[in-house]
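Close look at the chain arrangement
Take a look at the letters that make up each chain.
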Amino acid sequence: MKALVTGSAGFIAGYLVEELLASGYEVVGIDNFSKYGPVEKSYSKHPRYRFIEGDAKDVRLMKELVADCDHLVAGAAMIGGISYFHEFAYDLLAENERIIASTFDAAIWAFTNKRPLKKITVLSSSMVYESTTVYPTPEGAQLSSPPPMSTYGFQKLACEYFARGAYEQYKLPYTIVRPFNCVGIGEKRAKSDREVMSGNVKLAMSHVVPDLVQKVVKGQDPLRILGSGDQVRHYTYGGDLAKGIRVCMEHPAALNEDFNISTPESTDVRTLASAIWKKLKPGQPVRLESDPPFKYDVQKRVPDVSKSEKVLGFQCATSLDKMLDEVVPWVKQQVELGNI
């Protein structure tokens, strides 16, 4: 099998490309390095990986790349932490819409012209459920809930409509994957990140796990968290998410379906902060203080993952403790290197 992965230099794609290569795929990646600048990946010189530095908005280039591919994974997007949603409210809508339209134009061209393309797999987001009041949130709630408040969540919902529209008009098969709070290594400071103060520490990412780790590493005590700390999330390991995406690509029962791909374990921010503190300062008591929350800091995000378990036989199994064993030392090293 051969897969085209857009946004291949990104955080989630880093895990996905490794997963696909380990499973025997030939992978073509495209990225314009707009977020981090040029990056070297562990698989950059893999014999079955070909990287193209280019823009997914270039329909001609996308057609050229997808022409002999069996799968297309639509992963390219402007994406960042919660502060990013406010700073780039228009660009998140306009730029991501151009990216997804170009990607679908190329996929529709390949499918209708009898190229090998079997389907498109769309990486959506848990943010499509931003306004839901149903917990745990099942697939389908995005259609019955009020629309997302953030432009990012709204545009991710639009990506899902692109998939359904392309199937309705052109019969292009699809699968929609909704990741929840991916945690892992490889995410560094973006070129566009603006530093903000949290207590005595400057931050430039606004992703909760690396933010909390670097605060502890830099000696912050009391440790400051955004909002009350009662916000509930499902922190999902990048390796689990990548495997889930691959299963969604391959499984016949995933055709023209949508799936929440996430750990079933709920964790509030206070518990997360305490767990990170214990990894770095074992035996020392943790003290927490609150910073004002951001507008789009959703208080509860709890997925129903029963569909992926029942239909695909897939479950994210890595515990938060194991994730932190990998992520905490990596973030500490990146802080020391000045990359975060």
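Structure: above.
We now turn to the structure provided with this report. Predicted model, so just to flag it, every value in this text is computed and none were measured. (Residues numbered from 1 in each chain as written. Predicted model: local features only at pLDDT ≥ 70, side-chain atom pairs only at ≥ 80, totals over all residues. Heavy atoms only, no water.)

**Quick word on the pattern of salt bridges**
Rule in force here: A pairing counts as a salt bridge when a side-chain nitrogen of Lys or Arg comes within 4 Å of a carboxyl oxygen of Asp or Glu. Secondary structure elements are defined from DSSP: runs of H or I of at least 4 residues count as helices, runs of E of at least 2 residues count as strands, and each element is numbered from the N terminus.
If you walk through the whole model with that rule in mind, you get 22 salt bridges. The partner of Arg98 in a salt bridge is Glu95, and the shortest N-O contact between them spans 3.2 Å. Here Glu95 and Arg98 lie together in helix α4 (residues 89-112), a separation of three residues that amounts to about one turn. A salt bridge links Glu160 to Arg178; the nearest nitrogen and oxygen atoms lie 2.8 Å apart.

**So, the environment of Leu172**
Put simply, the test is: In what follows, residue pairs with any heavy atoms lying within 4.5 Å of each other are defined as contacts.
Relative to the helices and strands, Leu172 is located in the loop between α6 (151-170) and β6 (174-179). Separated by 65 residues in sequence, Leu172 and Ala107 have C-alpha atoms that sit 7.8 Å apart. Aside from chain neighbours lying at most four places away, what touches Leu172 is Phe104, Ala107, Ile108, Phe111, Leu117, Ile120, Ala166, Tyr167 and Asn256.

**Observations concerning the environment of Asp325**
Note the following rule: Only protein chains enter the accessibility calculation, which uses a 1.4 Å probe; a residue is then buried when its area is under 20% of its type maximum, exposed when over 50%, and partly exposed in between.
Relative to the elements of secondary structure, Asp325 occurs in helix α11 (residues 320-337). By relative accessible area, which is 44% here, Asp325 ends up partly exposed. Sequence separation between Asp325 and Pro282 is 43 residues, and the spatial gap between their C-alpha atoms is 13 Å.

**Quick look at the nonpolar core**
Which entries qualify depends on this criterion: In these notes, a set of buried Ala, Val, Leu, Ile, Met, Phe, Trp, Tyr and Cys residues joined through side-chain atoms within 4.5 Å is what counts as a nonpolar core.
Counting 52 residues, the largest nonpolar core has Val5, Leu20, Val27, Val209, Ile261 and Ile276 as its most contacted members. Element by element, the count of residues in this core is highest for α11, at eight residues. In contact with Val5, not counting residues within four places along its chain, are Ala13, Leu16, Val17, Leu20, Val27, Val28, Gly29, Ile30 and Val73. Of all hydrophobic cores here, the second largest spans 29 residues; its members include Leu4, Ile52, Ala106 and Cys159.

**Details of the layout of surface pockets**
Here is the rule: Both cavities and pockets are sets of points on a 1 Å grid over the protein atoms alone; in a cavity a 1.4 Å probe fits but cannot get out, in a pocket the set is open with protein on both sides within 12 Å along at least five of seven lines, and lining residues sit with an atom within 4 Å of a point. Grid points are joined across faces, edges and corners, and a volume is the space filled by probe spheres set on the points. Amino acids are sorted into nonpolar (Ala, Val, Leu, Ile, Met, Phe, Trp, Tyr, Cys and Pro), charged (Asp, Glu, Lys and Arg) and polar (every other residue, Gly among them).
If you add up the space inside the second largest pocket, you get close to 350 Å³. Taken together, 16 residues make up the lining of the second largest pocket; nearest its centre are Glu40, Lys41, Ser42, Ile185 and Gly186. Of the residues in the lining of the second largest pocket, the class split is eight nonpolar, four polar and four charged.

**Some points on the packing of aromatic side chains**
Threshold: Stacked, edge-to-face and tilted labels apply to pairs of Phe, Tyr and Trp rings (six-membered ring for Trp) whose centres lie within 6.5 Å, assigned for plane angles under 30 degrees, over 60, and everything in between, in that order. Here, a charge over a ring means that NZ of Lys or CZ of Arg falls within 6 Å of the ring centre while also lying within 35 degrees of the ring normal.
Counting across every chain of the model gives seven aromatic pairs. Between the aromatic rings of Tyr167 and Tyr174, the centroid separation amounts to 6.1 Å while the plane-to-plane angle is 70 degrees, which identifies the pairing as edge-to-face. Classification of Tyr167 as partly exposed rests on a relative accessible area of 30%. Members of the aromatic cluster, each reached through a chain of ring pairs, are Phe11, Tyr15 and Tyr237. One Lys or Arg, Lys281, reaches over the ring of Trp277 and ends 6.0 Å from the middle of that ring.

**Describing the state of the cysteines**
Just so we agree on the cut-off: Disulfides are defined in this document as cysteine sulfur pairs within 2.5 Å.
Tallied over the full model, the rule gives zero disulfides. Lacking any disulfide linkage, Cys69 is separated from the closest cysteine sulfur, that of Cys248, by 19 Å. By relative accessible area, which is 0% here, Cys69 ends up buried. The structure places no disulfide on Cys248, whose sulfur is separated from the nearest cysteine sulfur, that of Cys316, by 9.7 Å.

**As for the side chain of Asn260**
Selection rule: Polar contact is defined as a pair of N or O atoms within 3.5 Å, subject to the rule that within protein one atom must be able to donate a hydrogen and the other to accept it, and that residues adjacent in sequence are counted only when both atoms are side-chain atoms.
Within the element layout of this structure, Asn260 appears in strand β13 (residues 257-261). With relative accessibility at 0%, the residue Asn260 sits in the buried group. In this structure the side chain of Asn260 is engaged in a polar contact, spanning 2.8 Å, whose partner is the side chain of Tyr129. The residues touching Asn260, leaving out its near neighbours within four places in the chain, are Tyr129, Thr137, Pro138, Glu139, Arg178, Phe180, Pro303, Asp304, Val305 and Ser308.

**Structural notes on the pairing of β6**
Selection rule: Strands pair, by our definition, only if DSSP identifies at least two bridges between them.
A large share of β6 lies buried, amounting to six of its six residues. Neither face of β6 is left uncovered, since the one carrying Tyr174, Ile176 and Arg178 and the one carrying Thr175, Val177 and Pro179 both have all their residues buried. Here strand β5 (residues 119-123) runs beside β6; their pairing, made up of four bridges, is parallel. Looking at the pairing, Ile120 lines up with Tyr174 of β6. Judged from the five bridges that link them, β6 and β13 form a sheet pairing that is parallel.

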